[in-house]
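Here's the letter readout for the chains.
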Amino acid sequence: MNCLDFLRTSIAKKELPTYVYGYPSKRAYRVFPQPLRITDVVEQASRSKHINIYIHIPFCRYRCTYCTLFLTTRQNPATGESYVARLAEHIARYGEYFGDREVVSIYFGSGTPTLLTQHQFRELFAALEAAFPKRSRKREITVESAPDTFDNNLLDCLKAFGVNRMSMGIQTMVPGELAHSGRPYSVETAEAGIKALTERFSHVNLDLIYGLRGQTRDSWNFSLGRALDYESQTLSLYPVVVRPMTNIMTSKAHAPELFFSDADKYEVYDQNVALMASKGYR
Ligand code: SF4
């Protein structure tokens, strides 16, 4: 069975046994009764005068042990250049249909968009400017990042392009937990990254994960407390999800006692909500 037939069969059976997460999520995919032209889709699309643009950058230096997002760790300069050139073509194509709408947000996600070079970001922003010239005064432009993938020059360049919100996965402030999550940099690198972002951008989001291998209630509270010290505008606190075909699944199968149970995660969730509210977060 080829890949397309496999996908069709899996959709028809309402199952996708091998799990790779993408955007839109797998639940959004369905078989169309008949092929659709893009002009038909545009006709049926919302009549809103506004548009939100999501740009997927599927490159990472490493795959974290829990991650099932749609990405590759085999980026090289040629694939990066080629991908950005195709993206610019897509942006121009969509601009033909939606370019008269006012852009309220642009989001670079996936993946680790800060693996792109300044030159590649310049190319993408130029394509966006040409295809979607109308911009809301309150537009939000976000770039996702990882602590070991940017320097100050890149951040300054992003700011000059109009980026006003940065998001970064931190996950934990404990060295052993960081290593078990598959991230090969130090806590000091993470802290330097947070500092560089919060010094430059008025809106910073930090992601943390609870339920990592070896994590305890105390070590989670420690990580959360350290992250709160930076007073970022948003903190996203995720329970780890152990999905098929991940390193964390193998790890949990061998040593389940090193992981929070689901009941533990519910309790930690409630504690997080209470703590965040007490710190003024909504
Ligand atoms: S850096 Fe983010 S997107 Fe990349 S593998 Fe890790 S969690 Fe997934």
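Keep in mind it's a predicted model, so treat the numbers as computed, not measured. (Residues numbered from 1 in each chain as written. Predicted model: local features only at pLDDT ≥ 70, side-chain atom pairs only at ≥ 80, totals over all residues. Heavy atoms only, no water.)

Caption draft 1: Local environment of the overall build of the protein chain. Within the protein chain one finds ten helices and six strands. Taken against the 2.2 N^0.38 rule, which gives 19 Å for 282 residues, the C-alpha radius of gyration of the protein chain at 20 Å falls within 12% of a compact globule. For the protein chain, the C-alpha atoms occupy an extent of roughly 55 × 50 × 40 Å along the three principal directions. When each of the 282 residues of the protein chain is scored for burial, the buried share is 43%. Across the protein chain, contacts joining residues at least 24 apart in sequence account for 78% of those joining residues at least 6 apart. (Helix = DSSP H or I, 4+ residues; strand = E, 2+ residues; numbered from the N terminus. Rg over C-alpha atoms; globule rule 2.2 N^0.38 Å. Buried < 20%, exposed > 50% of the residue type's maximum accessible area, 1.4 Å probe, protein only. Contact = heavy atoms within 4.5 Å.)

Caption draft 2: Local environment of the nonpolar core. If you look at the biggest cluster of nonpolar residues, it comprises 68 residues, and the most contacted ones within it are Ile55, Phe108, Leu128, Phe132 and Leu235. The element best represented in this core is helix H4 (residues 118-131), accounting for six residues. For Phe108, the residues in contact, after removing those within four places along its chain, are Ile55, Ile57, Pro113, Phe121, Leu124, Phe125, Leu128, Ile141, Thr142, Val143 and Glu144. (Core = buried A, V, L, I, M, F, W, Y, C linked by side-chain atoms within 4.5 Å.)

Caption draft 3: Spatial organisation of the packing of aromatic side chains. Applying the stated criterion across every chain yields a total of seven aromatic pairs. Their ring planes at 25° and their centres at 6.1 Å tell us that Tyr54 and Tyr107 sit as a pair that is stacked. Residue Tyr54 is found in strand S1 (residues 50-57), and its partner Tyr107 is found in strand S2 (residues 102-110); the two are separated by 53 residues along the sequence. A relative accessible area of 25% places Tyr107 in the partly exposed class. Here the aromatic residues Phe108, Phe121, Phe125 and Phe161 are joined through ring pairs into a cluster of three or more. (Phe/Tyr/Trp six-rings, centres within 6.5 Å; stacked < 30°, edge-to-face > 60°.)

Caption draft 4: Here's a closer look at the pairing of strand S4 (residues 165-171). Burial runs high along S4: seven of the seven residues are buried. Side-chain alternation along S4 places Arg165, Ser167, Gly169 and Gln171 on one buried face and Met166, Met168 and Ile170 on a second face that is also buried. Two elements, S4 and strand S5 (residues 203-210), share six bridges in a ladder whose sense is parallel. Residue Met168 lies in a different strand from S5, and its bridge partner there is Leu206. (Pairing = 2+ DSSP bridges.)

Caption draft 5: Structural context of the packing of helix H8 (residues 217-228) against helix H10 (residues 262-278). Relative orientation of the contacting elements H8 and H10 amounts to 30°, with a least axis distance of 12 Å. As the angle between them shows, H8 and H10 are arranged roughly parallel. In the crossing of H8 with H10, the sense of the turn from one axis to the other is right-handed. In contact with Arg217, Trp220, Leu224 and Leu228 of H8, H10 contributes Asp264, Glu267, Val268, Gln271, Asn272, Leu275 and Met276. Here the residues of the contact of H8 with H10 are counted per class, giving six nonpolar, two polar and three charged. (Axes fitted to C-alpha atoms, helices over the stretch in contact; angles between N-to-C directions. Parallel < 35°, antiparallel > 145°, perpendicular 65-115°, else oblique. Left-handed = near helix turned anticlockwise from the far one by under 90°. Nonpolar A, V, L, I, M, F, W, Y, C, P; charged D, E, K, R; others polar.)

Caption draft 6: Geometry of the sheet that holds S2. Judged by pairing direction, the sheet is parallel, and its six strands sit side by side in the order S1-S2-S3-S4-S5-S6 without closing on themselves. In the strand order of this sheet, the two ends are held by S1 and strand S6 (234-239), each with one partner. On average, each strand axis in the sheet is inclined to that of its neighbour by 15°, with strand direction left out of account. Relative to S2, S1 is paired through eight bridges, and the arrangement is parallel. Along S2, the bridge assignment pairs His56 with Gly109. The strands touched by H8 are S4, S5 and S6; relative to S5, the strand with the most contacts, the crossing angle is about 175°.

Caption draft 7: Molecular detail of the UniProt feature "domain: Radical SAM core" (unreviewed entry) in the protein chain. Summarizing the sequence annotation, UniProt attributes the feature "domain: Radical SAM core" (unreviewed entry) to residues 45-282 in the numbering used throughout. Split by type, residues 45-282 is 43% helix and 21% strand. Its first and last C-alpha atoms lie 32 Å apart. (UniProt positions renumbered as here; feature names shortened; annotations may be inferred.)

Caption draft 8: Focus on the environment of Thr198. In this structure, Thr198 sits in helix H7 (residues 187-200). Judged by its relative accessible area of 28%, Thr198 is partly exposed. Spatially, the C-alpha atom of Thr198 lies 16 Å from that of Gly162, the residues being 36 residues apart in sequence. When neighbours within four sequence positions are excluded, Thr198 is seen to be in contact with Val204 and Tyr230.

Caption draft 9: Seen up close, H7. With 14 residues, H7 ought to run about 20 Å at 1.5 Å a step, and its terminal C-alpha atoms sit 20 Å apart, in line with that. Restricting attention to buried positions, one finds in H7 the residues Val187, Ala190, Glu191, Gly193, Ile194, Ala196, Leu197 and Arg200. Summarising the contacts, the buried residues of H7 are in contact with strand S3 (135-145), helix H5 (152-160), S4, helix H6 (175-180), S5 and H8. (Expected span 1.5 Å × (residues − 1).)

Caption draft 10: View of the site of the ligand. Close to the ligand lie Cys60, Tyr62, Arg63, Cys64, Tyr66, Cys67, Leu69, Leu71, Ser110, Gly111, Thr112 and Arg183. Among the residues forming the shell around the ligand, the class breakdown is seven nonpolar, three polar and two charged. (Near = heavy atom within 4 Å.)

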